Amino acid sequence: GENVEQHPSTLSVQEGDSAVIKCTYSDSASNYFPWYKQELGKRPQLIIDIRSNVGEKKDQRIAVTLNKTAKHFSLHITETQPEDSAVYFCAAIDIWGYSTLTFGKGTMLLVSP
Amino acid sequence: NAGVTQTPKFRVLKTGQSMTLLCAQDMNHEYMYWYRQDPGMGLRLIHYSVGEGTTAKGEVPDGYNVSRLKKQNFLLGLESAAPSQTSVYFCASSYSAGTRGGTEAFFGQGTRLTVV
């Protein structure tokens with residue numbers, strides 16, 4: 001099955017700085033890569049996703065890049081704000097298991113004012 | 001439109017007791033999933049269903065059973081609870097992935113289960 005590695009496990013930045021979270025996946029046939037944000041005590045919610053036919057996708061301060069050759073994808077948050085503080089999960093589709101998502105272990109992002 | 005709703009939100013069980021977690025979705029999704037979330041472990045798939053009457057094992061299925069008798073409901077059962085099953089459980093649902101390879105998964109609010 002799919003294996004997703006996520007780094008770093010914690011990331012502390014100052015408000016206004018950029019934050020980058022990186023993930024690698026093992027199955028070269030995977031073709032869907034979502035990112036979820038989970039605030040403390042809340043449910044995970046999708047913030048951005050990318051499919052394998054696209055190299056980059058942007059939504060305001062959030063962007064995701066995908067390198068299919070290297071099998072890695074990254075989340076970029078610019079001009080971070082305290083409300084960006086949360087745990088972020090990357091995921092990849094496991095197309096051999098009826099397309100179930102495999103998640104990374106998460107990155108706790110702390111944005112200090 | 002409630003989305004994905006889990007019942008109960010909190011529960012404390014004694015070792016050996018049984019319980020059922022209920023997940024209901026009103027988005028007419030084909031796929032439903034049960035995940036457990038433990039500190040530092042991310043979200044791990046327990047069981048999933050690709051349609052009414054079907055279920056399949058995920059990454060960590062031992063000690064759990066599931067049923068999907070109706071399209072909108074997905075039940076997770078613990079027959080004999082163990083302290084290792086103390087966790088936060090999330091249900092999720094999505095449209096059929098098909099050849100596109102994946103669609104957004106919508107999560108319930110979670111169930112915090114403690115087994116003592």
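Relevant structure appears above.
Just so it is clear, the structure is predicted and the values come from calculations on it, not from any experiment.

Engineer: I tried to follow the overall build of chain B on my own but got confused; where do I start?
Structural biologist: In terms of regular secondary structure, chain B is built from zero helices and eleven strands. The linear arrangement of helices and strands in chain B, starting from the amino end, is β-β-β-β-β-β-β-β-β-β-β. Relative to the compact-globule value of 13 Å for 116 residues, chain B shows a C-alpha radius of gyration of 14 Å, a close match. Each principal axis of the C-alpha distribution contributes one length, and for chain B these read about 45 × 25 × 25 Å. The buried share of chain B, reckoned over its 116 residues, is 50%. Across chain B, the fraction of contacts at a sequence separation of at least 24, relative to all contacts at a separation of at least 6, is 56%. Roughly 5400 Å² of accessible area belongs to chain B as shown, and the carbon and sulfur atoms make up 53% of that amount.

Engineer: Looking at this structure, I do not really get the nonpolar core. What am I missing?
Structural biologist: What tends to happen in soluble globular proteins is that the nonpolar side chains get buried as a cluster. Judged by nonpolar contacts, the single largest core of 23 residues is most densely connected at A:Trp35, A:Phe73, A:Leu75 and A:Leu109. Excluding anything up to four places from it in sequence, A:Phe73 contacts A:Ile21, A:Lys22, A:Cys23, A:Tyr25, A:Phe33, A:Trp35, A:Thr65, A:Leu66, A:Cys90 and A:Ala91. In terms of nonpolar packing, the next biggest core, distinct from the first, is built from 20 residues, B:Leu13, B:Met27, B:Ile46 and B:Val66 among them.

Engineer: Explain the sheet that holds strand β8 (residues 72-77) of chain A to me, please; I cannot follow it from the model alone.
Structural biologist: Residue and element names in this part refer to chain A. Ordered by their spatial adjacency, five strands build an open sheet running β1-β3-β8-β7-β6, and the pairing between neighbours is antiparallel. Single-partner strands in this sheet number two, and they are β1 (4-7) and β6 (56-59). Neighbour to neighbour, the strand axes of the sheet diverge by 15 degrees on average, direction disregarded. Here β1 pairs with strand β3 (residues 19-25) via four bridges, running antiparallel.

Engineer: Help me understand unusual backbone geometry, please; the structure alone is not making it clear to me.
Structural biologist: A negative phi angle characterises most non-glycine residues, just as the trans form characterises most peptide bonds. Omega for the peptide link from A:His7 to A:Pro8 comes to -5 degrees, which places this bond in the cis form. Note on placement: A:Pro8 falls in the loop between β1 and β2 (10-14). In the segment running from B:Thr7 into B:Pro8, the intervening peptide bond is cis, with an omega of -5 degrees. Checked against the element boundaries, B:Pro8 lands in the loop between β1 (4-7) and β2 (10-13). Residues other than glycine seldom take positive phi values, yet A:Glu79 does so here, at roughly 45 degrees. Secondary-structure assignment places A:Glu79 in the loop between β8 and β9 (86-94).

Engineer: How do you make sense of the interface of chain A and chain B when you look at a structure like this?
Structural biologist: Quoted interface sizes are often the accessible area lost when the parts come together. Tallying the contact residues gives 19 residues for chain A and 25 residues for chain B. Across the chain A/chain B interface, buried area totals approximately 1800 Å², and carbon plus sulfur atoms make up 55% of it. Inspection of the region where chain A meets chain B yields zero salt bridges. Taken together, the connections running from chain A to chain B amount to four residue pairs in polar contact (both at pLDDT 80 or more). Among the secondary structure elements, those contributing two or more residues to the side of chain A that touches chain B are β4 (32-38), β5 (45-51), β9 and β10 (100-103) of chain A. Of the residues in the side of chain A that touches chain B, the class split is nine nonpolar, six polar and four charged.

Engineer: Which parts of the structure should I look at to understand the state of the cysteines?
Structural biologist: Linking two cysteines covalently through their sulfur atoms gives a disulfide. Inspection of the entire model under this criterion finds two disulfides over all chains. Note that A:Cys23 is cross-linked by a disulfide to A:Cys90, the S-S spacing being 1.9 Å. The sign of the -100 degrees torsion about the S-S bond sets the A:Cys23-A:Cys90 disulfide as left-handed. With A:Cys23 in strand β3 and A:Cys90 in strand β9, this pair connects stretches of sequence that are 67 residues apart. Two residues, B:Cys23 and B:Cys91, share a disulfide whose sulfurs are 1.8 Å apart. The sign of the S-S torsion, about -75 degrees, decides the handedness of the disulfide formed by B:Cys23 and B:Cys91: left-handed. With B:Cys23 in strand β3 (residues 19-25) and B:Cys91 in strand β9 (residues 87-94), the pair connects residues that are 68 residues apart, well separated along the chain.

Thresholds, definitions, all that
- Residues numbered from 1 in each chain as written.
- Chains lettered and ligands numbered in written order.
- Predicted model: local features only at pLDDT ≥ 70, side-chain atom pairs only at ≥ 80, totals over all residues.
- Heavy atoms only, no water.
- Helix = DSSP H or I, 4+ residues; strand = E, 2+ residues; numbered from the N terminus.
- Rg over C-alpha atoms; globule rule 2.2 N^0.38 Å.
- Buried < 20%, exposed > 50% of the residue type's maximum accessible area, 1.4 Å probe, protein only.
- Contact = heavy atoms within 4.5 Å.
- Areas by Shrake-Rupley, 256 points an atom, 1.4 Å probe, with all protein chains shown as cover.
- Core = buried A, V, L, I, M, F, W, Y, C linked by side-chain atoms within 4.5 Å.
- Pairing = 2+ DSSP bridges.
- Axes fitted to C-alpha atoms, helices over the stretch in contact; angles between N-to-C directions.
- Buried area = accessible area lost by both parts, 1.4 Å probe.
- Salt bridge = Lys/Arg side-chain N within 4 Å of Asp/Glu carboxyl O.
- Polar contact = N/O pair within 3.5 Å; in protein donor to acceptor, adjacent residues only side chain to side chain.
- Nonpolar A, V, L, I, M, F, W, Y, C, P; charged D, E, K, R; others polar.
- Disulfide = S-S within 2.5 Å.

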